[in-house]
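# Residue-level structural notes
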Amino acid sequence: VKIKGVVAGVSPQGIAIRTEKNQLMLALTSPNRTENGVRYKGIPLPMIEVIGEEKPDYLQPGMYVRFPAKVQAKQRVVEPVTEVTIVDGSKLTAFGVLPAALPDLPKEDAPAPDLTVAEDSLVIGRIVSVRRNAITVAFPDGKTLEASVARNAIVHVKTSDIRFIKPGYLVQAEGMQVKPTKFFATKMTITKKL
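Let us look at the structure shown here. (Residues numbered from 1 in each chain as written. Predicted model: local features only at pLDDT ≥ 70, side-chain atom pairs only at ≥ 80, totals over all residues. Heavy atoms only, no water.)

This part is about the overall build of the chain. Looking only at helices and strands, one finds zero helices and 15 strands in the chain. Computed over C-alpha atoms, the radius of gyration of the chain comes to 21 Å, more than 25% over the 16 Å expected from 2.2 N^0.38 for 194 residues, which places it beyond the range of a compact globule. Over its C-alpha atoms, taken along the principal directions, the chain stretches across nearly 70 × 35 × 25 Å. Every one of the 194 residues in the chain was classed for burial, and the buried ones make up 35%. In the chain, of all internal contacts separated by at least 6 residues, the share reaching a separation of at least 24 is 62%. Counting only carbon and sulfur atoms, one obtains 54% of the accessible surface of the chain, whose full area is about 12,100 Å². Counting 27 positive and 19 negative side-chain charges, the chain places the centres of these two groups 12 Å from one another. (Helix = DSSP H or I, 4+ residues; strand = E, 2+ residues; numbered from the N terminus. Rg over C-alpha atoms; globule rule 2.2 N^0.38 Å. Buried < 20%, exposed > 50% of the residue type's maximum accessible area, 1.4 Å probe, protein only. Contact = heavy atoms within 4.5 Å. Areas by Shrake-Rupley, 256 points an atom, 1.4 Å probe, with all protein chains shown as cover. Lys, Arg positive; Asp, Glu negative; His and termini not counted. Charge placed at Lys NZ, Arg CZ, Asp CG, Glu CD.)

Within this structure, the stated rule accounts for two aromatic pairs. On the numbers, 5.7 Å between centres and 45° between planes, the contact of Tyr 64 with Phe 95 is tilted. On the criterion of sequence distance, the pair formed by Tyr 64 in strand β7 (residues 64–72) and Phe 95 in the loop between β9 (81–87) and β10 (96–99) is long-range, its members being 31 residues apart. Looking at Tyr 64, the relative accessible area reads 27%, which means it is partly exposed. Under the relative-accessibility criterion, Phe 95 is labelled partly exposed at 24%. (Phe/Tyr/Trp six-rings, centres within 6.5 Å; stacked < 30°, edge-to-face > 60°.)

Let us look at the nonpolar core. One finds Ile 17, Leu 59, Val 65, Phe 67, Ile 86, Met 188 and Ile 190 to be the most contacted residues of the largest nonpolar core, which totals 41 residues. Excluding its chain neighbours within four sequence positions, the residues that come into contact with Ile 190 are Val 7, Ile 15, Ile 48, Glu 49, Val 50, Ile 51, Ile 165, Tyr 169, Leu 170 and Val 171. (Core = buried A, V, L, I, M, F, W, Y, C linked by side-chain atoms within 4.5 Å.)

Time to look at the side chain of Glu 54. Here Glu 54 shows up in strand β6 (residues 47–54). Glu 54 sits in the buried class, given a relative accessible area of 8%. A distance of 2.3 Å separates the side chain of Glu 54 from the side chain of Tyr 169, its partner in a polar contact. (Polar contact = N/O pair within 3.5 Å; in protein donor to acceptor, adjacent residues only side chain to side chain.)

Summed over all chains, the structure comprises six salt bridges. In this structure, Glu 35 engages Lys 182 in a salt bridge whose closest nitrogen and oxygen atoms are separated by 2.9 Å. Here Lys 182 lies in strand β15 (residues 182–192) and Glu 35 lies in strand β4 (residues 34–35), a separation of 147 residues in the sequence. Residue Glu 35 is classed as buried on the basis of its relative accessible area, which comes to 8%. Between Lys 70 and Asp 120 there is a salt bridge whose closest N-O contact spans 2.8 Å. Within this pair, whereas Lys 70 is found in strand β7, its partner Asp 120 is found in strand β11 (residues 118–131), the two being separated by 50 residues in sequence. (Salt bridge = Lys/Arg side-chain N within 4 Å of Asp/Glu carboxyl O.)

Time to look at the environment of Lys 70. Classification of Lys 70 by relative accessible area gives partly exposed; the value is 29%. Sequence-wise, Lys 70 and Asp 120 are 50 residues apart; in three dimensions their C-alpha atoms are separated by 4.7 Å. With residues up to four places along the chain from it excluded, the contact list for Lys 70 reads Arg 76, Val 77, Val 78, Glu 79, Ala 118, Glu 119 and Asp 120. Here the side chain of Lys 70 touches Asp 120 through a polar contact of 2.8 Å, side chain to side chain.

A positive phi angle is found at Asn 22, which is not glycine, with a value near 65°. With respect to the helices, strands and loops of the structure, Asn 22 is situated in the loop between β2 (14–19) and β3 (24–28). Phi angles above zero are rare outside glycine, and Arg 33 is one such case at about 50°. By the element assignment, Arg 33 lies in the loop between β3 and β4.

See the structure below:
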(Lines give C-alpha, C1' and ligand atoms only; values in the text may rest on other atoms or scores of the structure.)
Protein backbone atom coordinates (compact mmCIF):
# COMPACT_ATOMS: atom_id res chain seq x y z
CA VAL A 1 0.00 0.00 0.00
CA LYS A 2 1.17 3.55 -0.77
CA ILE A 3 -0.68 6.52 0.66
CA LYS A 4 -0.39 10.29 1.02
CA GLY A 5 -2.17 12.40 3.58
CA VAL A 6 -1.83 14.31 6.83
CA VAL A 7 -1.15 13.13 10.38
CA ALA A 8 -4.43 12.89 12.30
CA GLY A 9 -2.83 11.61 15.51
CA VAL A 10 0.07 9.69 17.05
CA SER A 11 -0.24 6.76 19.47
CA PRO A 12 2.09 4.05 20.80
CA GLN A 13 0.71 1.65 18.14
CA GLY A 14 1.28 3.96 15.21
CA ILE A 15 0.32 7.05 13.29
CA ALA A 16 -3.25 7.83 12.23
CA ILE A 17 -3.29 9.28 8.72
CA ARG A 18 -6.15 11.11 6.99
CA THR A 19 -5.60 10.17 3.32
CA GLU A 20 -6.18 12.38 0.28
CA LYS A 21 -9.47 10.47 -0.20
CA ASN A 22 -10.52 11.46 3.37
CA GLN A 23 -10.12 7.90 4.68
CA LEU A 24 -8.60 7.32 8.13
CA MET A 25 -5.72 4.78 8.06
CA LEU A 26 -3.50 3.54 10.89
CA ALA A 27 0.17 3.07 10.02
CA LEU A 28 1.47 0.50 12.54
CA THR A 29 5.05 1.41 13.51
CA SER A 30 5.79 -1.05 16.33
CA PRO A 31 8.95 -3.06 15.58
CA ASN A 32 7.45 -6.36 16.84
CA ARG A 33 4.95 -6.45 13.91
CA THR A 34 1.93 -7.94 15.69
CA GLU A 35 -1.74 -7.15 15.11
CA ASN A 36 -4.48 -8.56 17.38
CA GLY A 37 -2.02 -11.07 18.86
CA VAL A 38 -0.90 -12.37 15.46
CA ARG A 39 2.81 -11.95 14.67
CA TYR A 40 3.66 -11.18 11.05
CA LYS A 41 7.15 -12.34 10.07
CA GLY A 42 9.28 -10.97 7.27
CA ILE A 43 7.94 -7.40 7.34
CA PRO A 44 10.89 -5.00 7.59
CA LEU A 45 11.19 -2.50 10.42
CA PRO A 46 9.79 0.92 9.57
CA MET A 47 12.16 3.54 8.19
CA ILE A 48 10.73 6.81 9.49
CA GLU A 49 12.01 10.25 8.57
CA VAL A 50 10.56 13.37 10.20
CA ILE A 51 11.59 16.58 8.44
CA GLY A 52 10.37 20.11 8.99
CA GLU A 53 10.81 23.56 10.40
CA GLU A 54 9.35 24.84 13.65
CA LYS A 55 9.50 27.92 15.84
CA PRO A 56 11.67 28.12 19.00
CA ASP A 57 8.73 27.27 21.30
CA TYR A 58 8.87 23.74 19.81
CA LEU A 59 12.08 23.01 21.77
CA GLN A 60 11.58 20.86 24.86
CA PRO A 61 13.67 18.93 27.41
CA GLY A 62 14.88 15.53 26.21
CA MET A 63 15.48 16.60 22.61
CA TYR A 64 18.95 16.08 21.14
CA VAL A 65 20.04 19.21 19.32
CA ARG A 66 22.88 20.54 17.18
CA PHE A 67 23.51 24.24 16.57
CA PRO A 68 26.26 26.57 15.39
CA ALA A 69 27.28 29.19 17.98
CA LYS A 70 30.06 31.56 19.00
CA VAL A 71 31.39 29.98 22.20
CA GLN A 72 33.91 31.48 24.60
CA ALA A 73 36.24 29.03 26.42
CA LYS A 74 33.85 26.14 25.57
CA GLN A 75 31.63 27.44 28.40
CA ARG A 76 29.67 30.50 27.28
CA VAL A 77 27.59 31.20 24.17
CA VAL A 78 28.08 34.90 23.43
CA GLU A 79 25.37 35.52 20.78
CA PRO A 80 21.75 34.34 20.46
CA VAL A 81 21.42 31.13 18.46
CA THR A 82 19.53 31.60 15.18
CA GLU A 83 19.35 27.99 13.98
CA VAL A 84 18.82 24.71 15.88
CA THR A 85 18.56 21.21 14.39
CA ILE A 86 16.84 18.39 16.29
CA VAL A 87 18.79 15.16 15.72
CA ASP A 88 18.75 11.53 16.84
CA GLY A 89 21.09 11.09 19.79
CA SER A 90 22.70 7.74 19.05
CA LYS A 91 25.80 6.09 20.47
CA LEU A 92 27.64 7.21 17.32
CA THR A 93 26.88 10.92 17.89
CA ALA A 94 29.82 13.10 18.94
CA PHE A 95 28.57 15.31 21.79
CA GLY A 96 30.11 18.51 23.13
CA VAL A 97 31.37 21.88 21.92
CA LEU A 98 33.18 21.02 18.70
CA PRO A 99 35.11 23.26 16.28
CA ALA A 100 32.90 24.51 13.43
CA ALA A 101 35.64 23.54 10.96
CA LEU A 102 38.36 20.94 11.16
CA PRO A 103 41.25 22.49 13.10
CA ASP A 104 44.81 22.60 11.87
CA LEU A 105 47.31 20.37 13.60
CA PRO A 106 48.76 22.26 16.58
CA LYS A 107 52.28 23.57 16.10
CA GLU A 108 54.77 22.86 18.88
CA ASP A 109 55.59 26.53 19.39
CA ALA A 110 51.99 27.74 19.02
CA PRO A 111 50.74 30.06 21.77
CA ALA A 112 48.05 28.80 24.13
CA PRO A 113 44.53 29.50 22.82
CA ASP A 114 43.05 32.83 23.93
CA LEU A 115 40.08 31.90 26.13
CA THR A 116 38.61 35.43 25.90
CA VAL A 117 37.95 35.02 22.15
CA ALA A 118 34.64 33.47 21.11
CA GLU A 119 35.18 30.75 18.52
CA ASP A 120 32.79 29.46 15.87
CA SER A 121 31.67 26.12 17.26
CA LEU A 122 29.15 23.37 16.74
CA VAL A 123 27.27 22.46 19.94
CA ILE A 124 25.71 18.98 20.14
CA GLY A 125 23.87 17.82 23.25
CA ARG A 126 20.57 17.06 24.97
CA ILE A 127 18.23 19.81 26.15
CA VAL A 128 17.74 19.60 29.93
CA SER A 129 15.76 22.83 30.40
CA VAL A 130 13.91 25.41 28.34
CA ARG A 131 13.10 28.88 29.65
CA ARG A 132 11.40 31.57 27.61
CA ASN A 133 14.22 32.35 25.17
CA ALA A 134 17.03 30.13 26.48
CA ILE A 135 17.95 26.44 26.47
CA THR A 136 20.39 24.51 28.63
CA VAL A 137 22.16 21.66 26.88
CA ALA A 138 23.88 18.79 28.73
CA PHE A 139 26.72 16.60 27.54
CA PRO A 140 27.58 12.99 28.52
CA ASP A 141 30.46 14.20 30.73
CA GLY A 142 27.94 16.03 32.95
CA LYS A 143 28.83 19.55 31.79
CA THR A 144 26.11 21.93 30.63
CA LEU A 145 25.96 24.99 28.41
CA GLU A 146 23.26 27.66 28.31
CA ALA A 147 22.37 29.43 25.08
CA SER A 148 19.87 32.17 24.36
CA VAL A 149 17.69 31.44 21.33
CA ALA A 150 16.67 34.28 19.01
CA ARG A 151 12.91 34.85 18.75
CA ASN A 152 13.06 34.38 14.98
CA ALA A 153 15.31 31.28 15.18
CA ILE A 154 14.49 28.39 12.88
CA VAL A 155 14.25 24.93 14.43
CA HIS A 156 15.02 22.23 11.84
CA VAL A 157 13.56 18.83 12.58
CA LYS A 158 15.52 15.93 11.09
CA THR A 159 14.93 12.78 13.10
CA SER A 160 13.35 9.34 13.09
CA ASP A 161 11.69 9.86 16.48
CA ILE A 162 7.89 9.80 16.11
CA ARG A 163 7.48 11.77 19.37
CA PHE A 164 8.20 14.93 17.36
CA ILE A 165 5.34 14.40 14.90
CA LYS A 166 2.31 16.67 15.28
CA PRO A 167 -1.15 16.50 13.71
CA GLY A 168 -1.25 18.34 10.39
CA TYR A 169 2.18 17.19 9.18
CA LEU A 170 2.20 15.80 5.63
CA VAL A 171 2.79 12.05 5.26
CA GLN A 172 3.95 9.77 2.47
CA ALA A 173 3.81 6.14 3.60
CA GLU A 174 4.38 2.67 2.20
CA GLY A 175 3.73 -0.67 3.82
CA MET A 176 1.97 -4.02 3.99
CA GLN A 177 -1.80 -3.84 4.46
CA VAL A 178 -3.28 -6.16 7.14
CA LYS A 179 -6.84 -4.76 7.34
CA PRO A 180 -8.76 -2.28 5.19
CA THR A 181 -7.76 0.59 7.48
CA LYS A 182 -4.46 -0.74 8.95
CA PHE A 183 -1.03 -1.39 7.49
CA PHE A 184 2.48 -2.12 8.76
CA ALA A 185 4.51 0.92 7.75
CA THR A 186 7.82 0.07 6.09
CA LYS A 187 8.75 3.55 4.89
CA MET A 188 7.37 6.93 6.02
CA THR A 189 8.38 10.48 5.25
CA ILE A 190 6.67 13.07 7.43
CA THR A 191 7.22 16.74 6.62
CA LYS A 192 6.22 20.14 7.95
CA LYS A 193 7.14 23.59 6.68
CA LEU A 194 6.63 26.90 8.49
